[in-house]
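# Close look at the chain arrangement
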Amino acid sequence: MTPVPAPIPPPLAPASAPPGETAAPPLGTSDALRVDLDLVRKYNVPGPRYTSYPPATHFSDAVSPEQMIEGIRANNRTAGELSLYFHLPFCYSPCWYCGCTTVITPQQSQSATYLKYLDREMELMGRLLHPDRNVVQLHFGGGTPTFLLPDEIRALGSMIHRRFRLDPEVEAGVEIDPRRLIRDHLQALHEVGFNRASLGVQDHDPVVQKAVHRIQPFEQSRAAVEWAREVGFRSVNIDLIYGLPHQTPESFERTLDEVLTLAPDRFAVFNYAYVPWIKPAQKIIKESTLPSASTKLELLKLTIEKLTGSGYVYIGMDHFARATDELALAQRSKTLQRNFQGYSTRGGADIYAFGMSSISQTGDLYWQNHKDLPEYYGHLDREVLPLARGYFLTEDDRRRRIVIMRLMCDFSLDYAQMSRLLDVDFAADFAAELGSLADLEADGLLRRHDGGFVVTDLGRLFIRNIAMRFDAHLPKETERRYSRTV
Ligand code: SF4
């Protein structure tokens, strides 16, 4: 069932190269290869990943549940589109690199209890929702969504369909752990309406797998991809991580070669966020076994070269897609969006998230559920929404969110377009931020021109650093809050 890989398309010029500007060379060639260690040292500083702005570290319990509920009510005065996220936190065993909010347990029966609480949460939230809202996006994340038994997946699907109106063209993605997966999991997910599967692979090297406590032979990954296609998923993504212990360019190239034989539609190749001060389980990984910053950059360059040379477009910030994939098409038409689930083509929809620790987002409000299971269950037992922390965006936040999201998605800023989008004189209002780009330009990370700037291929590797220049919330001391940008 594995399809033949598509022919290699010509590399794309940056989506936004202005008239008269020479397009940067294709990713993975000259610019990226000229990166020297000094540049890595200079820009390898802690920084947010900007799946939200401001980042979740700014959410606060000073925002009361009553204020959040008022914000939710205000958001439901009209019937805007919805994106639903369900956090399914259970995993059988911990992977030592993991940064997700999980519940590690061998007791499969826990998921049945959790589903009852999810249903209660949907019921309580449903009382606040405008009845005509259309769901255009659905996502199951975790944890391990396939910790649920196939029939539990069907039951959760029925709950969702009972309480929400799903658009016939809904984009429905689910995170899959190929270990312990059976074909019926995927069959059940497809019956519920899922059409995009994202498989956790990370690395196939046995030494790396042992060091991160995740043993997953290639055969398991291959079976998962083949089953997903057999049951009717229209898109398969593979997640890899670079920067794991003992990884070398040689070992990671073997992993890349193996997974390329599966011809996925997309890749997400994440930079490993080593944050043991936030995730104590990561302390098991000895820092001395991690690749150095320069080796990590080599791993990233290798990945970009290998995947762009095999028919994939570098979307940016860890993501690759076939040139014909809707992510690549959306980037070319400047309609790509970025949210907590990564890049998306469905912008504008409010994200309503369910389950412990999940984060919701509307035009002017973020809110996050309680992060531990007893608290989450306790609130729902008392028939109240498990809202823990929130953040109301100011006008300035909303503008900066648009600037940073356009930058992360388009890899350019056009001042006239930004002025229209923000209803301000962009070049004047952001003169200080734009003036601060001189060193980035001198280092070859971007090129300014009359009316805007374009991020170079080299600059794409450091896009977080460029975005940070537009962030008004960056604390003076970021060292302990964020992972490093490279
Ligand atoms: S990486 Fe995935 S499977 Fe492993 S502990 Fe984290 S959420 Fe669970």
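Notes on the structure follow. Since this is a predicted model, take the numbers as computed values, not measurements. (Residues numbered from 1 in each chain as written. Predicted model: local features only at pLDDT ≥ 70, side-chain atom pairs only at ≥ 80, totals over all residues.)

### Concerning the overall build of the protein chain
Looking only at helices and strands, the protein chain has 19 helices and 19 strands in total. Scored against the burial criterion, the 486 residues of the protein chain give a buried share of 44%. Counting contacts in the protein chain only where the partners sit at least 6 residues apart, residues at least 24 apart contribute 74% of the total. (Helix = DSSP H or I, 4+ residues; strand = E, 2+ residues; numbered from the N terminus. Buried ≥ 20, exposed ≤ 12 C-beta atoms within 10 Å, placed from the backbone. Contact = placed C-beta atoms within 7 Å.)

### Observations concerning the sheet that holds strand β17 (residues 412–414)
In space, the three strands of this open sheet follow the order β17-β19-β18, with antiparallel pairing throughout. The strands lining the two open edges of the sheet, one partner per strand, are β17 and β18 (446–449). Across the sheet, the axes of successive neighbouring strands diverge by a mean angle of 15°, strand direction being ignored. Bridge count between β18 and strand β19 (residues 452–455): four bridges; the pairing is antiparallel. When the bridges of β19 are listed, R447 appears paired with V454. (Pairing = 2+ DSSP bridges. Axes fitted to C-alpha atoms, helices over the stretch in contact; angles between N-to-C directions.)

### Digging into the pairing of strand β10 (residues 319–322)
On β10, burial covers both faces: H319 and A321 on one face and F320 and R322 on the other are all buried. The pairing of strand β8 (residues 266–271) with β10 spans three bridges and is classified as antiparallel. Across the sheet, the residue bridging to F267 is F320, located in β10. Sheet topology places strand β9 (residues 312–316) next to β10; four bridges connect them, and they run antiparallel. From the neighbouring strand, V313 faces β10, where its bridge partner is A321. The turn linking β9 back onto β10 is made up of two residues, and M317 within it adopts a positive phi angle of 40°.

### Notes on the environment of T146
For T146, the position within the fold is in the loop between β4 (134–142) and α5 (150–163). For T146, a count of 27 C-beta atoms within 10 Å puts it in the buried group. Linking T146 and L181, residues 35 residues apart in sequence, is a C-alpha distance of 6.9 Å. Excluding residues within four positions of it along the chain, T146 makes contact with I176, D177, L181 and H185.

### Things to note about the environment of S251
Here S251 is to be found in helix α9 (residues 249–260). Considered as a pair, S251 and V208 are 43 residues apart in the sequence and their alpha carbons are 9.0 Å apart. Apart from residues no more than four positions distant in its own chain, S251 is found in contact with D205 and V208.

### Brief notes about helix α4 (residues 110–126)
Helix length check: α4, at 17 residues, gives a terminal C-alpha distance of 24 Å against a target of 24 Å (1.5 Å per residue), a fit within 8%. Taken together, the buried positions of α4 are S111, Y114, L118, E121 and M122. An end-on view of α4 places all buried positions within 100° of arc, on one side of the element. Of the exposed residues in α4, the ones pointing more than 90 degrees away from its buried face are A112 and T113. Where α4 is buried, its residues contact β1 (82–88), β2 (90–91), α5, β13 (350–354) and α12 (373–381). (Expected span 1.5 Å × (residues − 1). Arc of directions from axis to C-beta.)

### A short note on the site of the ligand
Lining the immediate surroundings of the ligand are C91, P94, C95, C98, C100, T102, G142, G143, T144, D177 and G200. For the shell around the ligand, the residue count by class is five nonpolar, five polar and one charged. (Near = placed C-beta within 6 Å. Nonpolar A, V, L, I, M, F, W, Y, C, P; charged D, E, K, R; others polar.)

### Focus on the packing of α9 against helix α10 (residues 293–308)
Where α9 meets α10, the closest approach of the two axes is 10 Å, and the angle between their N-to-C directions is 30°. Looking at the two axes, α9 sits roughly parallel to α10. The way α9 lies across α10 gives a crossing that is right-handed. Counting all contacts with α9, which are made through P249, F252, E253 and L256, the residues of α10 involved are E298, L299, L302, T303 and K306. (Parallel < 35°, antiparallel > 145°, perpendicular 65-115°, else oblique. Left-handed = near helix turned anticlockwise from the far one by under 90°.)

### Considerations on the packing of α4 against α5
Between α4 and α5, whose axes approach to 11 Å, the crossing angle comes to 5°. In terms of their interaxial angle, α4 and α5 are classed as roughly parallel. Of the residues in α5, those touching α4 at S111, A112, L115, L118, D119, M122 and G126 are E152, A155, L156, M159 and R163. Looking at the contact of α4 with α5, its residues break down into seven nonpolar, two polar and three charged.

Geometry only, nothing functional implied.
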